[in-house]
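Letter by letter, the chains look like this.
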Amino acid sequence: MSDNNFGFDTTQIHAGTEPDPATGARQVPIYQTTAYVFKDAEHAARLFNLEEVGYIYSRLTNPTVAALQNRIAALEGGAGAVCCSSGHAAQIMALFPLMAPGKNVVASTRLYGGTLTQFTQTFKRFGWSAKLVDFDDFDAVRDAIDENTQALFCESLSNPAGAIMDLDALGEIAKNAGIPFIVDNTAATPYLCNPIKHGATLVVHSTTKYLTGNGTVTGGAIVDSGNFDWMASDKFPSLSKPEPAYHGLCFAEALGPMAFTFHSIAIGLRDLGMTMNPQGAHYTLMGIETLSLRMQKHVQNAREIANWLEGDDRIEAVTYSGLPSSPYYDRMTRICPRGAGALFTVALKGGYDACVETVGKLKLFSHVANLGDARSLVIHPASTTHRQLAPEEQIKAGAGPNILRLSIGIEDAKDLIADLDQALS
Ligand SMILES: *Cc1c(COP(=O)(O)O)cnc(C)c1O
């Protein structure tokens, strides 16, 4: 099913799937198989030459995973998508075709803590580097781009504070520099934000979060817009020149708008092996069917709870971009027209001790290192995810000692407010 005229609710249920050709099964079967029988030697050769799309081995492709890939590509309005084992895997997979030793990524300072560590520490092992800049300072972003910069990277709705990035302006900067613009759309989801419409080249996801929506499996996805001209410069030889890792195939020439997607499968998954398994894809396919319904409720609850918190005298500040007092409120109507998501931080007047005590007393909110679950979640970054940082670094990351991160679930808002009220007192 690839009719682009369907609405979001229809697409999230039908895109990428037909009744199973072998059995007529209406739901996508879990194809729990490693390999696929070739019809004959010629068929096998066509598959290996990428002349025919089909299944070879489940490190590369699997029908259950393919259904999810097609559905996510349709929801994001991309040419193609590749799923992988986690959100962090998706980030490596997105950069892998673009990067080489000595190359860098210009990235936002407002990123998920784990991404900051991956970019600033682990990248070094590959000879890559990341230049972190304030993505609200467009001059600083432009100035940071040099001849070794291969991509611009940010989160549409940032973790943990829920700041909204001006994707239109950043996409324009990337376009003028001739580099891809990569947007992590995890916290917004394609229901709230369509980065490709605002100039993104690639969209990455941690499907672990809202796309699955029930805290059952980790997964990731890379969606390619199909819009980037890899042949326009010599910057991306793995896509624009004969690639020795795939018997000299020139991906951009042979596969056009599907070049990045096929490269990610034929070389990325083949050699890095960060594959999503079919059971995992099944859980995410189940979750994604109700994405729009859940996001509506997440946003409605987050608005109500952020409003209540802002008016409470035990609270110093709330970062929710959906509050009229937020500096990102005006940007929301353009970038995230259906709402500012359900992830934000609150600063407690009582400081570190009040945060630790509040987390301990909450009953409905679970204290976990996750977000985007149907359940409401809370974490105190300074005593957990950001514990190893110096106090100044914690504050810069929006994770000071008096900060709690909330991921608002889809329970009744009045019950969540009552839980927060008793825990704060
Ligand atoms: C969780 C998260 C990731 C990493 O995803 P995993 O599935 O945990 O590897 C990346 N980006 C954002 C915004 C996240 O919230």
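No experiment lies behind these values; they were computed from the predicted model shown.

1. Focus on the site of the ligand
In the region of the ligand, 15 residues are neighbours, and Gly87, Asp184, Ser206, Thr208 and Lys209 sit closest. With respect to the ligand, the backbone of His88 contributes an N or O atom lying 2.9 Å from an oxygen atom. Within the side chain of Ser206, a nitrogen or oxygen atom sits 2.8 Å from an oxygen atom of the ligand. Here the ligand has 380 Å² of accessible area as a free molecule, and 91% of this is covered by the chains. Broken down by element, the residue count for the shell around the ligand peaks at three residues, all from helix α4 (residues 87-95). Among the residues forming the shell around the ligand, the class breakdown is two nonpolar, 10 polar and three charged.

2. Here we look at the pattern of salt bridges
Per the counting criterion, the structure on display carries 16 salt bridges. Salt bridges sharing common partners tie together Arg110, Asp134, Asp136 and Arg331.

3. Quick word on the packing of helix α3 (residues 63-76) against helix α12 (residues 278-288)
Close contact between α3 and α12 brings their axes to 8 Å; oriented N to C, the two are set at 40 degrees. Seen along the crossing, α3 lies across α12 with a hand that is left-handed. Together, Thr64, Val65, Ala67, Leu68, Arg71, Ile72 and Leu75 of α3 and Pro278, Ala281, His282, Thr284, Leu285 and Ile288 of α12 make up the contact between the two elements. Looking at the contact of α3 with α12 residue by residue, the class counts come to nine nonpolar, three polar and one charged.

4. Overview of the packing of aromatic side chains
Inspection of every chain in the model, using the stated rule, returns 13 aromatic pairs. When the ring of Phe228 is compared with that of Phe236, the centres are 5.7 Å apart and the planes differ by 85 degrees; the resulting orientation is edge-to-face. Note on Phe228: relative accessible area 19%, which makes it buried. Following the ring pairs from residue to residue traces out a cluster consisting of Phe119, Phe123, Phe126, Trp128 and Phe153.

5. Topic: the domain arrangement of the protein
Segmenting the protein into domains produces domain 1 (3-98 + 180-287) and domain 2 (292-424). Distance between the C-alpha centres of domain 1 and domain 2: 32 Å. At the interface, 19 residues of domain 1 touch 22 residues of domain 2. When domain 1 packs against domain 2, the two sides together hide about 1700 Å² of surface, and 55% of this comes from carbon and sulfur. For the domain 1 face of the interface with domain 2, the top three residues by lost area are Tyr191, Leu192 and Tyr210, together amounting to 47%. Where domain 1 touches domain 2, the interface holds zero salt bridges. Summed over the shared surface of domain 1 and domain 2, the result is eight residue pairs in polar contact (both at pLDDT 80 or more).

What counts and how
Numbering of residues begins from 1 in every chain and follows the order in which that chain's sequence is written. Two thresholds apply to this predicted model, a pLDDT of at least 70 for residue-level local features and 80 or more for giving and counting side-chain atom pairs, whereas whole-chain, interface and lining totals are computed over all residues. With hydrogens and water stripped out, all remaining heavy atoms of the structure feed into the side-chain values. A molecule or strand has a residue near it when one of that residue's heavy atoms lies within 4 Å. Identification of polar contacts relies on pairs of N or O atoms within 3.5 Å, with a donor-acceptor requirement for protein atoms, meaning one able to donate a hydrogen and the other able to accept it, and with residues adjacent in sequence counted only if both atoms are side-chain atoms. In this description, accessible areas are obtained by the Shrake-Rupley approach with a 1.4 Å probe, and a residue is regarded as covered only by the protein chains that are shown. Put simply, DSSP H or I for four residues or longer makes a helix, DSSP E for two residues or longer makes a strand, and each gets a number counted from the N terminus. Think of it as three bins: nonpolar holds Ala, Val, Leu, Ile, Met, Phe, Trp, Tyr, Cys and Pro, charged holds Asp, Glu, Lys and Arg, and polar takes everything else, Gly as well. Any carboxyl oxygen of Asp or Glu that lies within 4 Å of a side-chain nitrogen of Lys or Arg is treated as forming a salt bridge with it. Helix axes are fitted to C-alpha atoms over the stretch in contact, other axes to C-alpha atoms as well, and angles between N-to-C directions run from 0 to 180 degrees. Left-handed describes a crossing in which the near helix is turned anticlockwise from the far one by less than a right angle; the clockwise case is right-handed. Any two residues whose heavy atoms approach within 4.5 Å are treated as being in contact. Two aromatic rings from Phe, Tyr or Trp, using only the six-membered ring of Trp, form a pair when their centres are within 6.5 Å; if the ring planes differ by under 30 degrees the pair is stacked, by over 60 it is edge-to-face, and anything between is tilted. Residue burial is assigned from relative accessible area. The probe radius is 1.4 Å, only protein chains are included, and a residue is buried under 20% of its type maximum, exposed over 50%, and partly exposed in between. For each domain, the first and last residues come from an automatic or database assignment. Accessible-area loss on putting two parts together, using a 1.4 Å probe and summing over both, is the definition of buried area adopted here.

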